[in-house]
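Listed here are the chains, written in short residue letters.
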Amino acid sequence: MKPSKQQLDFLSWEMGAFFHFGIRTFYEGHRDWDGKIMPLEGFNPTQLDCEQWIKTVYDAGLKYAILVCKHHDGFANWPSKYSDYHVGLTPWKGGNGDVVREFVDACHKYGIKVGLYYSPAEANFKDREAKEYDDYFINQISELLDGTYGKVDYLWFDGNGSAGHEFDKPRIIKAIRGHQPEILIFNMWDPDVRWVGNEGGMAGVLNRNLSTQIEFDDRDLSSIPMDEISFLPSECDFMMRNHNWFYSEYDVHTAKSVEELIGLYYLSVGCGSNFLINIGPDRRGLLPGVDAKRLVDFGNAIRERFANPIPGTVAVREDGLNITLDGSPFVNTLIFEEDLTNGEMIEEFAVYMTSYIIYRPVCLYTGKTVGNKRIITFPTVRARDLHVKVLNSRGEYILKNLQAFYIK
């Protein structure tokens, strides 16, 4: 149950951006599996600028980005040799465009980790023989991972619609890991990362890295049991706007406020998970101004909020970690981490305080796991010492990076 280096790296990324962009961007009102035809001639993002997308990600302080390469409609955002429904057959750039290439190159330019989304299922896949479809699937995945686009850090599988088809999982995973041995796989078949179980951006305070099942569908609350307990960090995906993953011209008023995004940060990263926010690039091929500004404003707000920890001295105790603050300052927030190198050990903890007039420790908070990062908030108090006490653990643990803040 020890994490891999790649899993620890994933948790260190903390925040990423999701970009739903493709043929559906140009056909307002379409929904998953609605069967409506979206002709190739509609795809023409004349101002496509993936550098604008990724510079926004960089400016906001996010560390990774994921592009929808093929959604359930089957449209490929690269010129696939195994499909007749791809960018090379559209008017955009006279059929010489490649969204995946422009996206990956922009990520590499700004030092952003590369994630590619691929829907295993698509609108007509049930009409094909199993092996024929698996061949098609592996051929397309190989086009994305065979080195043509360089190193790919993360492969995001969406299981929506896959029920009823028994994929040749060993063959598929062998192909993926053969092309990109260090790649992280999201949620299916040989997962390194699991879906948190909702698309609202919230892991919650009971979130753990150890799991015995994979959450699969939030509509019927289905899950897939695993053979044994595994270390699987979670990711919280959600939409910047309330109703659409792809761009819509009608829902700009639903873009989340900075305040709400900060709340979701506390309930994802602050609960040991990763934060993954979706923005749908518009029909020009640009991030809408409202969404881009909101993301950067959010990133700036997080940096400002946690830029100045209260000075203090941290000391390791037999039962946890203690910080003695300089003077007797106001404090209402703690951030601390568990070293997960050897696995997740802490199963229960409490936060206590003392001050210059309170000598017997007062409990401010109790919780379960700590994980990669835990952000604890409590009513504002004047404190001298704050003590994170481990009440129960599976084995030897290491707490680290204890910081106190007063956030107005």
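The rules behind each value
Residues numbered from 1 in each chain as written. Predicted model: local features only at pLDDT ≥ 70, side-chain atom pairs only at ≥ 80, totals over all residues. Heavy atoms only, no water. Helix = DSSP H or I, 4+ residues; strand = E, 2+ residues; numbered from the N terminus. Rg over C-alpha atoms; globule rule 2.2 N^0.38 Å. Buried < 20%, exposed > 50% of the residue type's maximum accessible area, 1.4 Å probe, protein only. Contact = heavy atoms within 4.5 Å. Areas by Shrake-Rupley, 256 points an atom, 1.4 Å probe, with all protein chains shown as cover. Lys, Arg positive; Asp, Glu negative; His and termini not counted. Charge placed at Lys NZ, Arg CZ, Asp CG, Glu CD. Disulfide = S-S within 2.5 Å. Core = buried A, V, L, I, M, F, W, Y, C linked by side-chain atoms within 4.5 Å. Axes fitted to C-alpha atoms, helices over the stretch in contact; angles between N-to-C directions. Parallel < 35°, antiparallel > 145°, perpendicular 65-115°, else oblique. Left-handed = near helix turned anticlockwise from the far one by under 90°. Nonpolar A, V, L, I, M, F, W, Y, C, P; charged D, E, K, R; others polar. Pairing = 2+ DSSP bridges. Salt bridge = Lys/Arg side-chain N within 4 Å of Asp/Glu carboxyl O. Phe/Tyr/Trp six-rings, centres within 6.5 Å; stacked < 30°, edge-to-face > 60°. Lys NZ or Arg CZ within 6 Å of the ring centre and 35° of its normal.

1. Some points on the overall build of the chain
For the chain, the count of helices and strands is 7 helices and 18 strands. Taken against the 2.2 N^0.38 rule, which gives 22 Å for 408 residues, the C-alpha radius of gyration of the chain at 23 Å falls within 12% of a compact globule. Seen through its principal axes, the chain has C-alpha atoms that stretch 75 × 45 × 35 Å. Scored against the burial criterion, the 408 residues of the chain give a buried share of 55%. Taking contacts inside the chain between residues at least 6 apart in sequence as the whole, the part at least 24 apart equals 73%. Accessible surface for the chain amounts to roughly 17,600 Å². Of this, 50% is attributable to carbon and sulfur atoms. If the 43 positive side-chain charges of the chain are averaged to one point and the 57 negative ones to another, these points end up 6 Å apart.

2. Looking at the state of the cysteines
Counted according to the given criterion, the structure contains 0 disulfides. With no disulfide of its own, Cys50 has Cys107 as its nearest cysteine by sulfur position, at a separation of 8.2 Å. What makes Cys50 buried here is its relative accessible area of 2%. Free cysteine Cys69: the closest other cysteine sulfur is in Cys107, separated by 10 Å.

3. Thoughts on the nonpolar core
Ranked by internal contacts, the top residues of the largest apolar core, which has 79 residues, are Phe19, Trp53, Ile54, Phe103, Ile176 and Tyr265. Counting 22 residues, the second-largest nonpolar core is a separate cluster that includes Ile323, Leu334, Phe378 and Ala404.

4. Observations concerning the packing of helix α2 (residues 50-60) against helix α7 (residues 289-305)
Following both chains from N to C, one finds α2 and α7 inclined at 20°, their axes separated by 8 Å at the closest point. The orientation of α2 relative to α7 falls into the category roughly parallel. For the pair α2 and α7, the sense of crossing is right-handed. Between α2, through Thr56, Asp59 and Ala60, and α7, the contact on the second element is made entirely by Ala292, Leu295, Val296, Gly299, Asn300 and Arg303. Here the residues of the contact of α2 with α7 sort into 4 nonpolar, 3 polar and 2 charged.

5. Concerning the sheet that holds strand β6 (residues 194-195)
The strand order across the open sheet formed by 8 strands is β5-β4-β3-β2-β1-β10-β9-β6, and the pairing between neighbours is parallel. Across the chains shown, the open sheet's two edge strands, defined by having one partner strand only, are β5 (184-186) and β6. Sheet strands in contact with helix α3 (residues 99-110) are β1 (15-19), β2 (64-70) and β3 (113-118), and its direction is about 155° off that of β3.

6. Structural notes on helix α6 (residues 258-267)
Structural remark: α-helix, 3.6 residues per turn; residues separated by three or four positions point the same way. Listing the buried residues of α6 in full gives Leu261, Ile262, Leu264, Tyr265 and Tyr266. The inward-facing, buried residues of α6 abut β1, β9 (234-239), β10 (274-279), α7 and β16 (374-382).

7. So, the pattern of salt bridges
Tallied over the full model, the rule gives 23 salt bridges. A salt bridge links Glu102 to Lys93; the nearest nitrogen and oxygen atoms lie 2.5 Å apart. You can call Lys93 partly exposed: its relative accessible area is 48%. Taken together, the shared-partner salt bridges in this structure form one network comprising Glu28, Glu249 and Arg283.

8. Section: the packing of aromatic side chains
Counted according to the given criterion, the structure contains 39 aromatic pairs. Judged by centre distance (5.5 Å) and plane angle (40°), the ring pair of Phe330 and Tyr406 falls under tilted. On the criterion of sequence distance, the pair formed by Phe330 in strand β13 (residues 330-338) and Tyr406 in the segment after β18 (399-405) is long-range, its members being 76 residues apart. Judged by relative accessible area, which is 37%, Phe330 ranks as partly exposed. Residue class for Tyr406 comes out partly exposed when judged on its relative accessible area of 36%. Aromatic rings pair up to connect Phe19, Phe21, Phe26, Phe43, Trp53, Phe75, Tyr85, Trp92 and Phe103 into one cluster. If you follow Arg382 out to its NZ or CZ, it ends over the ring of Phe330, 4.2 Å from the centre.

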